[in-house]
Amino acid sequence: MPELPEVETVRRGLAPVLENRILKTITVRRRDLRFPVPAQLAKRLTGVRVTALERRAKYILIRFSDGHVAILHLGMSGRIKIFPQGHEITQEPHDHIVMTTDHNDSVVFNDPRRFGSLLLTSDNALADHKLLKGLGPEPLDAAFDAKLLASRLKGRHTPIKAALLDQRTVAGLGNIYVCESLFRAGISPRRQARTVQGGRAVKLHQAIQEVLREAIAAGGSTLRDHRQPDGELGYFQHHFAVYGRAGEACPDCHCHSEKSSGIKHIVQSGRSTFYCARKQR
DNA sequence: CTCCTGTCCTGCCGGC
DNA sequence: TGCCGGCAGGACAGGA
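Residues numbered from 1 in each chain as written. Chains lettered and ligands numbered in written order. Predicted model: local features only at pLDDT ≥ 70, side-chain atom pairs only at ≥ 80, totals over all residues. Heavy atoms only, no water.

### Re the protein's contact with DNA strand B
Part 1: Close to DNA strand B lie His94, Pro112, Arg113, Arg114, Phe115, Arg156, His157 and Thr158.
Part 2: Between Pro112 and DNA strand B, the recorded distance is 3.5 Å, taken from a backbone N or O atom to a sugar or linking oxygen.
Part 3: In the environment of DNA strand B, a phosphate oxygen lies 2.6 Å from a nitrogen or oxygen atom belonging to the side chain of Thr158.
Part 4: Looking at side-chain class alone, the surface near DNA strand B contains two nonpolar, three polar and three charged residues. (Near = heavy atom within 4 Å. Polar contact = N/O pair within 3.5 Å; in protein donor to acceptor, adjacent residues only side chain to side chain. Nonpolar A, V, L, I, M, F, W, Y, C, P; charged D, E, K, R; others polar.)

So this is what it looks like as structure tokens:
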């Protein structure tokens, strides 16, 4: 589920609840997530103050005053629920981790498919952590420009769709926002990555940043289960130009007519791709 | 190295 | 109505 905009939305919802708070209780109901939740996690973090919530790619980093850093990934179906102090905590299936702060707010990590993970490291080991080490640039950082994107795509003999899904190229894009970015840039998902240089790289860079910024502003996209931590729905899904719209006409286009059948749905490296063959080359 | 496929897990939806 | 196959927003591990 969650790509960069959804993860950023979760981070923003979580920050006011956790920052500068001491974790009073941490309950791990299921440890067998994508990676086992460290057995000592609760013991290490209980009674420690949270100093900051950050995001790197699709990871949420929870920093603690003693140098610990918790690395949270929501996988495909992970969700964060917040129960403000005084509200009844309703339990649901797949509530794997529950924590409560010294303000009596509760934070619940729910993940039916258990592709998510919660790991623990320390500030000085963070940069070298195996999950973070190979990640490409943050797409919304100033350091990420068209030139850097082009250099990351140079020489790559894989479709641009696959290259952008690869977190080592740019970190944080997933299936939806890759499709949407390629549409906006007018680039076919089947185009060889190495041919996205010069003007095409400029357009793609701009499209990626626009799509991500707009999606964050909309609180992310809600397909099945993404909600903001306060329960509000994200609404960027209403702005999808191509994702999930096979057979429809794409915006301002005559791709759906007697002679063409609208937005195409193909499968690339095992994932659905949606695009307009008329606008994307 | 790079690239591609299989795999983990549960829930839901459409078709028969 | 009920069952079953296929598919889902991710990304690692391992093979070619």
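### Here's the deal with the side chain of Glu8
Part 1: Tracing the backbone through its elements, the reader meets Glu8 in helix α1 (residues 4–18).
Part 2: Excluding its chain neighbours within four sequence positions, the residues that come into contact with Glu8 are Arg55 and Ile216. (Helix = DSSP H or I, 4+ residues; strand = E, 2+ residues; numbered from the N terminus. Contact = heavy atoms within 4.5 Å.)

### Examining helix α3 (residues 146–153)
Part 1: The complete set of buried residues in α3 reads Ala146, Leu149, Ala150 and Leu153. For α3, the arc enclosing every buried residue in end-on projection is 100°, short of the 170-degree limit, so these residues lie on one face.
Part 2: Tucked inside the fold, the buried residues of α3 contact α4 (160–165) and α6 (198–217).
Part 3: Positioned one or two residues after α3, Gly155 has a phi angle of 75°, which is positive. (Buried < 20%, exposed > 50% of the residue type's maximum accessible area, 1.4 Å probe, protein only. Arc of directions from axis to C-beta.)

### Overview of the domain arrangement of chain A
Part 1: Looking at the assigned domains, one finds that chain A contains domain 1 (4–128) and domain 2 (146–275).
Part 2: For domain 1 versus domain 2, the separation of C-alpha centres amounts to 29 Å.
Part 3: Counting from both sides, the interface comprises 17 residues of domain 1 and, opposite them, 17 residues of domain 2.
Part 4: Per-residue buried area on domain 1 facing domain 2 is highest for Pro5, Glu6 and Thr9; these three make up 36% of the total on that side.
Part 5: The tally of links between domain 1 and domain 2 comes to zero salt bridges.
Part 6: For the interface between domain 1 and domain 2, the tally reads four residue pairs in polar contact (both at pLDDT 80 or more).
Part 7: Only α1 and β5 (79–83) provide two or more residues apiece to the side of domain 1 that touches domain 2.
Part 8: Sorting elements by how many residues they give to the side of domain 1 that touches domain 2 places α1 first, with nine residues. (Domains from an automatic or database assignment. Buried area = accessible area lost by both parts, 1.4 Å probe. Salt bridge = Lys/Arg side-chain N within 4 Å of Asp/Glu carboxyl O.)

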